[in-house]
Every structure is written in structure tokens, then in C-alpha cells.
Amino acid sequence: ISFSYIGIDISKQQIIEAKKQYPSGTFTLANMTDLPSPDQAYDVVMLLASFHHLSTTEDRAKTLAEAYRVLKPGGILFMTNWNLWQPRFAHHYWGNFKRSVAQKSYAFKDFMIPWKSPSGTVLAERYYYAFSKRELHTCCTTAGFTILQNDYTKGNKVARIWDASNLVTIGQKQ
């Protein structure tokens, strides 16, 4: 199988690292809410562990509208999002609940999860949104996609919500 791809990231440092690891690849500094690509340019758009970092419904809608715009008719959207409902994230739920009660603007499904070095030092706090299958289905169908698959997964198998690592959504542009 032969294919070409364009890697897009909002982080200049991530683009630099990608170019080091894959010198023959094509990488562009851009925001997924505003893709620098022409209409109907791609057969597949992949949003791998990135969509859950968008903190507003507006940015989520813009991103899916952009994916739809750049896909050819019949094109595929392949998206993975972390399953934040698995037990290893349970300690975050109570903090989120307390913040959502104390701060009217903080939502229960908004998570700040530390990004740690291999030695365990916290390097940064990263935002994640805890999607449900229903929410992702609604987001994608509202953007015009037909859902082909929308499942909690562990590895390459469908799993129960509390066992799953990710939520995989596959949509098709009509």
C-alpha cells in the first residue's frame, strides 16, 4: 500500500520532533480548527488523541466542519479519544465534582491531567474533555458524518467502558 500524509500540530516543538523522527514526512504548523488545505483534498482525516484537548463546543464543531470540508465525498474520519471513564482516572472525578460545584464555569467533564517526565516530574497540566459515545456520535452526525463505528476499545478490541483505554469513532462523509 502506498500513501502520503500531512502531519499537523499546533505545537512548533512537536513539529520539530516529528521532522527529526520522520525526515521524509510532511508536517505543518496549524490548528485543527482551521486547516490549511483545499476543499475535498483527502481520503482520510485522522484525529488521534487530539480532539479531546478542545475545550469548547465551538472549537469541536469547527474542527469537525474542517475535517468534513477537506475530505473527499466518501472520505473517512478516524478519531481516537482517551476514555477518561476508566478506573485509573477515577481520582480526577472527585476533584472535578468539587470544582464544578464551587465554580459555576467549570464542568464535570473537564479534566486537567498532569503530563509527567519519565522520572515522574510534572511538566505541565493538559486539558482533556471526557466524551461519551453519545456525545461523539452527536458531534459527528451534526457535522454531517455517517457513523460507521463508535466504540470503547482496548488495544484492537471492543471493550466495556470501564475496561477501555480509548473511544474510537469512524465516520464517513456522504
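The rules we used
Residues numbered from 1 in each chain as written. Predicted model: local features only at pLDDT ≥ 70, side-chain atom pairs only at ≥ 80, totals over all residues. Heavy atoms only, no water. Pairing = 2+ DSSP bridges. Helix = DSSP H or I, 4+ residues; strand = E, 2+ residues; numbered from the N terminus. Contact = heavy atoms within 4.5 Å. Axes fitted to C-alpha atoms, helices over the stretch in contact; angles between N-to-C directions. Disulfide = S-S within 2.5 Å. Buried < 20%, exposed > 50% of the residue type's maximum accessible area, 1.4 Å probe, protein only. Salt bridge = Lys/Arg side-chain N within 4 Å of Asp/Glu carboxyl O. Phe/Tyr/Trp six-rings, centres within 6.5 Å; stacked < 30°, edge-to-face > 60°.

Hey, could you run me through the sheet that holds strand β4 (residues 71–82) in this one?
Backbone hydrogen bonds hold the strands of a sheet together, and the pairing may be parallel or antiparallel. One open sheet accounts for five strands, arranged β3-β4-β9-β7-β8; its pairing is mixed. Every other strand in the sheet has two partners, leaving β3 (42–48) and β8 (157–158) as the edge strands with one partner each. Inspection of the sheet shows β4 paired to strand β9 (residues 166–173) by seven bridges, in the antiparallel sense. Bridging across to β9, Leu-77 finds its partner in Gly-171. Set on the sheet, helix α2 (residues 57–70) makes contact with β3, β4, β7 (145–154) and β9; between it and β4 the angle comes to about 145°. Of the strands in this sheet, β4, β7 and β9 touch helix α4 (residues 133–142), which is tilted by about 155° from β7.

What is the right way to read the state of the cysteines from this model?
Disulfide: a covalent bond formed between the sulfur atoms of two cysteine residues. One pass over the full model with this rule turns up zero disulfides. No disulfide involves Cys-139; its sulfur sits 6.5 Å from the nearest other cysteine sulfur, which is in Cys-140. Under the relative-accessibility criterion, Cys-140 is labelled buried at 0%.

How should I be thinking about the pattern of salt bridges in this particular structure?
When charged atoms on two side chains of opposite charge get close, those side chains can pair. Summed over all chains, the structure comprises seven salt bridges. In this structure, Lys-20 and Glu-17 form a salt bridge, with 3.4 Å as the shortest nitrogen-oxygen distance. Residue Lys-20 and its partner Glu-17 are located together in helix α1 (residues 12–21), separated by three residues, close to a single helical turn. For Lys-20, a relative accessible area of 57% corresponds to the exposed category. Taking relative accessible area as the criterion, Glu-17 reaches 33% and is therefore assigned partly exposed. Three or more residues are tied together by salt bridges with common partners; here these are Asp-39, Glu-66 and Arg-69.

Is there a simple way to explain the packing of aromatic side chains in this structure?
Describing an aromatic ring pair means giving the distance of the ring centres and the angle of the ring planes. A full pass over the atoms with the stated rule returns six aromatic pairs. Judged by centre distance (5.4 Å) and plane angle (15°), the rings of Phe-51 and Phe-131 are stacked. With Phe-51 in the loop between β3 and α2 and Phe-131 in the loop between β6 (122–129) and α4, this residue pair connects regions lying 80 residues apart in the sequence. Across the pair, exposure class does not vary: Phe-51 and Phe-131 are buried alike. Geometrically, the ring pair formed by Trp-82 and Tyr-128 is stacked, given 4.5 Å between the ring centres and 15° between the ring planes. Here Trp-82, found in strand β4, pairs with Tyr-128, found in strand β6; they are 46 residues apart in sequence, far enough to count as distant. Judged by relative accessible area, which is 1%, Tyr-128 ranks as buried.

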